[in-house]
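In case you want the letters, here they are:
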Amino acid sequence: MEYPSNSSQESPHAGIRACWYKSEMSRAGMQSPIGPQSEQGRVRRGAAYHLLNRATWGFSPDDLAELEQRGYSGWLSWQLEPDLIDDSICDSMLGQYPTLSLSAYEIAQGYFGTGGGPLGTHWGMAQELRSARLTRAVHSKRQLFERVVEFWTDHFNATQDLGSWQRAFRTVADREVFRKHALGNFRELLMANAKSAEMLRYLDNVSNVAGAPNENYSRELLELQGELLVPLVSL
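Residues numbered from 1 in each chain as written. Predicted model: local features only at pLDDT ≥ 70, side-chain atom pairs only at ≥ 80, totals over all residues. Heavy atoms only, no water.

Novice: Explain the overall build of the protein chain to me, and be specific about the residues and the numbers.
Specialist: Secondary structure summary: the protein chain contains 13 helices and zero strands in total. Starting at the N terminus, the α and β elements of the protein chain follow one another as α-α-α-α-α-α-α-α-α-α-α-α-α. Look at the contacts in the protein chain between residues 6 or more apart in sequence, and 69% of them connect residues 24 or more apart. Roughly 13,200 Å² of accessible area belongs to the protein chain as shown, and the carbon and sulfur atoms make up 53% of that amount. (Helix = DSSP H or I, 4+ residues; strand = E, 2+ residues; numbered from the N terminus. Contact = heavy atoms within 4.5 Å. Areas by Shrake-Rupley, 256 points an atom, 1.4 Å probe, with all protein chains shown as cover.)

Below, the structure is given as structure tokens:
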């Protein structure tokens, strides 16, 4: 595997994780083995570089070494089995975010109320999910899985800005919909999302009743969310 020479100050890899590693290496007086390129000395990146650049949140020298050891196909197969990857270090970091494992009811009991609940505020609870997303992006070894989770979260977009219940529903959906089905069957993911409290509330299915249908969710399902079924079926 060939690494282009370092000849510019611009960061060569995109992503949250790469920025963190670049900061850590800079503080340690180290330099990335796959540096940025100037216009004059530009070298075509290899397939390994592009795989890491697209399938991770940014990569480190350790990631490069891992890919070199496993090979292109081996690394990809390894990442496609996230449950078999030891991610204990990242999991221990996530222990500081107790709301990640709570149900919507448990979140309501602990974090709702005027000025918050006995465990904190609902906006503080929502911040835990954001912080956990960053922690996983930077420290998780299940990089491809985290990228796919983010892809589906964006595809089935729902805001947290509809009040305390919607923030609670987002935490549950992240765990029970996107993480549970990220690398599984798209139809099952689509159904899980349709039945999730987050989507039921966000696209107004809570007000969809016989005699007075609300078409918001069904329209989004046909125009956007379910459009991936066509190319997947054709495959």
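Next comes the rest of the account.
Novice: Hey, could you go over the packing of aromatic side chains for me, with residue numbers and the actual values?
Specialist: Tallying each qualifying case throughout the model produces eight aromatic pairs. On the basis of an interplanar angle of 85 degrees and a centroid distance of 5.7 Å, the ring pair of Tyr49 and Phe59 is categorised as edge-to-face. One end of the pair, Tyr49, is in helix H2 (residues 47–55); the other, Phe59, is in the loop between H2 and helix H3 (61–70), with ten residues separating them in the sequence. The class of Tyr49 is buried, set by a relative accessible area of 9%. Members of the aromatic cluster, each reached through a chain of ring pairs, are Phe151, Trp152, Phe156, Phe178 and Phe186. The ring of Trp78 is capped by Arg70, whose NZ or CZ atom sits 4.1 Å from the centre of that ring. Lying over the aromatic face of Trp57, Arg147 brings its terminal NZ or CZ to 4.9 Å of the ring centre. (Phe/Tyr/Trp six-rings, centres within 6.5 Å; stacked < 30°, edge-to-face > 60°. Buried < 20%, exposed > 50% of the residue type's maximum accessible area, 1.4 Å probe, protein only. Lys NZ or Arg CZ within 6 Å of the ring centre and 35° of its normal.)

Novice: A description of the nonpolar core should follow, citing residues and the corresponding values.
Specialist: Trp75, Trp152, Phe156, Phe178 and Leu189 are the most contacted members of the largest nonpolar core, which has 29 residues in total. When sequence neighbours within four positions are dropped, the list of residues in contact with Phe178 reads Val149, Trp152, Thr153, Phe156, Ala173, Leu189, Asn193 and Glu198. The next biggest cluster of nonpolar side chains, apart from the first, holds ten residues, and it includes Leu102, Tyr111, Met125 and Phe169. (Core = buried A, V, L, I, M, F, W, Y, C linked by side-chain atoms within 4.5 Å.)

Novice: Which residues make up the side chain of Asn216, and what values go with them?
Specialist: Relative to the elements of secondary structure, Asn216 occurs in helix H12 (residues 216–225). Asn216 gets classed as buried once you look at its relative accessible area, which sits at 16%. In terms of polar contacts, Asn216 uses its side chain to reach the side chain of Asp204, at 2.8 Å. Once residues lying within four places of it in the same chain are set aside, the contact partners of Asn216 are Leu203 and Asp204. (Polar contact = N/O pair within 3.5 Å; in protein donor to acceptor, adjacent residues only side chain to side chain.)

Novice: Break down the environment of Asp161 for me, with residues and values.
Specialist: Here Asp161 lies in the loop between helix H8 (143–155) and helix H9 (164–181). When the C-alpha positions of Asp161 and Tyr202 are compared, they lie 9.9 Å apart, and in sequence the two are 41 residues distant.

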